[in-house]
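Remarks on the overall topology
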Amino acid sequence: MSTVILKGNIIHTPTKEKFEIVPDGYLVSVDNEIRGIFTELPEKYAACPVTDYGDRLIIPGLCDMHLHAPQFVYRGLGLDLQLMDWLDTYAFPTEARFQDLSYAKIYYEAFADALAKNGTTRAVIFGTIHVPATELLMDILEEKHIGACVGKINMDTLSPDYLCETAEQSLRDTKQWILDTKNRYKYVKPAVTPRFIPTCSKELLEGLGQLARDFGLPVHSHQSEDIGEMQIVRERFPEYDNDGDVYDHFHLLTNQTVMAHFIYPTERELELVKERGVTIAHCPQSNGNVAAGIPPIRRMLNMGIKVGLGSDIAGGYSVCIFRAMAEAVYLSKLKWLESGKQDAFLTIPEAFYLGTRGGGQFFGKVGSFEPGFELDALVLDDAGFTTSADRLSLEERMERIIHLADDRNIVARYAAGEMA
Ligand SMILES: [Zn+2]
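Criteria and cut-off values
- Residues numbered from 1 in each chain as written.
- Predicted model: local features only at pLDDT ≥ 70, side-chain atom pairs only at ≥ 80, totals over all residues.
- Heavy atoms only, no water.
- Domains from an automatic or database assignment.
- Contact = heavy atoms within 4.5 Å.
- Buried area = accessible area lost by both parts, 1.4 Å probe.
- Phe/Tyr/Trp six-rings, centres within 6.5 Å; stacked < 30°, edge-to-face > 60°.
- Buried < 20%, exposed > 50% of the residue type's maximum accessible area, 1.4 Å probe, protein only.
- Axes fitted to C-alpha atoms, helices over the stretch in contact; angles between N-to-C directions.
- Helix = DSSP H or I, 4+ residues; strand = E, 2+ residues; numbered from the N terminus.
- Parallel < 35°, antiparallel > 145°, perpendicular 65-115°, else oblique.
- Left-handed = near helix turned anticlockwise from the far one by under 90°.
- Donors = N, O, S within 2.8 Å, 3.2 Å for Na, K, Ca; no water.
- Tetrahedral: all angles 85-135°; square planar, octahedral: opposite > 155°, others 65-115°.
- Pairing = 2+ DSSP bridges.

Examining the domain arrangement of the protein chain
- Taken as a whole, the protein chain is organised into domain 1 (3-60 + 369-419) and domain 2 (62-363).
- The C-alpha-based centres of domain 1 and domain 2 are spaced at 29 Å.
- Each partner contributes to the interface: domain 1 provides 33 residues, whereas domain 2 provides 26 residues.
- Between domain 1 and domain 2, a total of about 2,400 Å² is buried, with carbon and sulfur atoms accounting for 61% of that surface.
- When the buried surface of domain 1 facing domain 2 is broken down by residue, K16, I402 and R413 rank first, second and third, together holding 29% of it.

In structure tokens:
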């Protein structure tokens, strides 16, 4: 049996309404199953070693529900462009270079290092159309103990020649890749990944829906992100009045689906996503950067739709999910103004919940320290943010970390029950 006991100031959000805080507590996990948080260590664990983190904060690992690994190459660049121009100028030419495995190795290692250092313990990731590079990415994530769903991208229309596949070839390659990788890893698994509806033919969407069903795999894509994107979809699929209906027709909306953005859902689409149990990846930094818009997150939460946070590298420039938490609150305030102060903005505990348990529920019992959950945890040192004159509560210290912390504040990381 592998028993892990961490001592420190323990903070998590079993519900989105408030932080649950246990100062100077013991977090106990046996074989990657949390047994509880205790103010005094129960007698039966007395003989087990305790790792004492003193006055530091212990929180669940962070979940990044949407990002593009190859776009790590040009993060922080081209951010004065709008989505479609940005794709043509940066995304497509860069992704083409991942045909070269030695190039892919350099950037995928840097990418996985950045995720690990920034406390991302689970992630849902786009690769490129290239199978060898996508498998290399999966190998590297596995080595770093990052629990990830990774996609070989599929695109067979409205794409540059150098990234355009035929539907037949794309489906054949994807099926073989799924067969080769679905049982290969402990932490990583394949996800069916149509890039988005504009770059996929009916035949391709149909085949991908079939593969997702045949293999019981997660699905990952973009939905109702941008007015330009949605216009293309309406023209190509005039029989459907929203992106959700198109995906649903091809059986791509399930309780194992993550859809990024969802900025302009129709009423019907909101209901559909809720009914199917889809998780929405809210990517506030990206939504602003590519001038896509502000999604109605408060409405989704009120309806009980599952929502997590994504960095959307490189629409977003930072892999740090603390940034996504802070910016989710910031963007929701603009939405509050836009709605005539009707849609209440997000609170700090809600943003923390979205970045941990909100996304974590997609992976199972992940993102919180409730009994029965897996042990993904970060130990945070905020000593540099306080002076001897400060009298901050633990909740205030956590709020400050969300706004100011980066990888230097993460002093230890546990993934799936082990120090990673
Ligand atoms: Zn994206």
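Topic: the packing of aromatic side chains
- The final tally for this structure, using the stated rule, is eleven aromatic pairs.
- With a centroid separation of 6.4 Å and 45° between ring planes, the pair formed by F38 and Y45 is classed as tilted.
- Residue classification places F38 among the partly exposed positions, given a relative accessible area of 22%.
- Y45 gets classed as buried once you look at its relative accessible area, which sits at 7%.

Side note on the packing of helix 3 (residues 131-143) against helix 4 (residues 167-181)
- Here helix 3 crosses helix 4 at 25°, and the two axes come no closer than 11 Å. By the angle between their axes, helix 3 is roughly parallel relative to helix 4. Considering only the axes of helix 3 and helix 4, their crossing is right-handed. Every residue of helix 4 that contacts helix 3 at V131, T134, E135 and M138 is listed here: D173, W177, D180 and T181.

Some remarks on the coordination of the zinc ion
- Every protein donor of the zinc ion is accounted for by H66 (NE2), H68 (NE2), H222 (NE2) and D312 (OD), and the metal-donor separations fall at 2.0 to 2.7 Å.
- Every donor counted, the four donor atoms about the zinc ion form angles of 82 to 172° at the centre, which fits irregular coordination.
- Taken in chain order, the donor set of the zinc ion reads H-x1-H-x153-H-x89-D. Pair noted here: H68 is in strand 5 (residues 62-68) and H222 is in strand 11 (residues 219-223), with a separation of 154 residues, a long-range link.
- Residue H222 is classed as buried on the basis of its relative accessible area, which comes to 9%.

Details of the sheet that holds strand 13 (residues 279-282)
- Pairing is parallel across the open sheet formed by four strands, whose spatial order is 11-12-13-14. Single-partner strands in this sheet number two, and they are strand 11 and strand 14 (306-309). Across the sheet, the axes of successive neighbouring strands diverge by a mean angle of 30°, strand direction being ignored.
- Sheet analysis places strand 11 next to strand 12 (residues 257-261), joined by five bridges and oriented parallel. When the sheet's bridge partners are listed, V219 is paired in strand 12 with T257.

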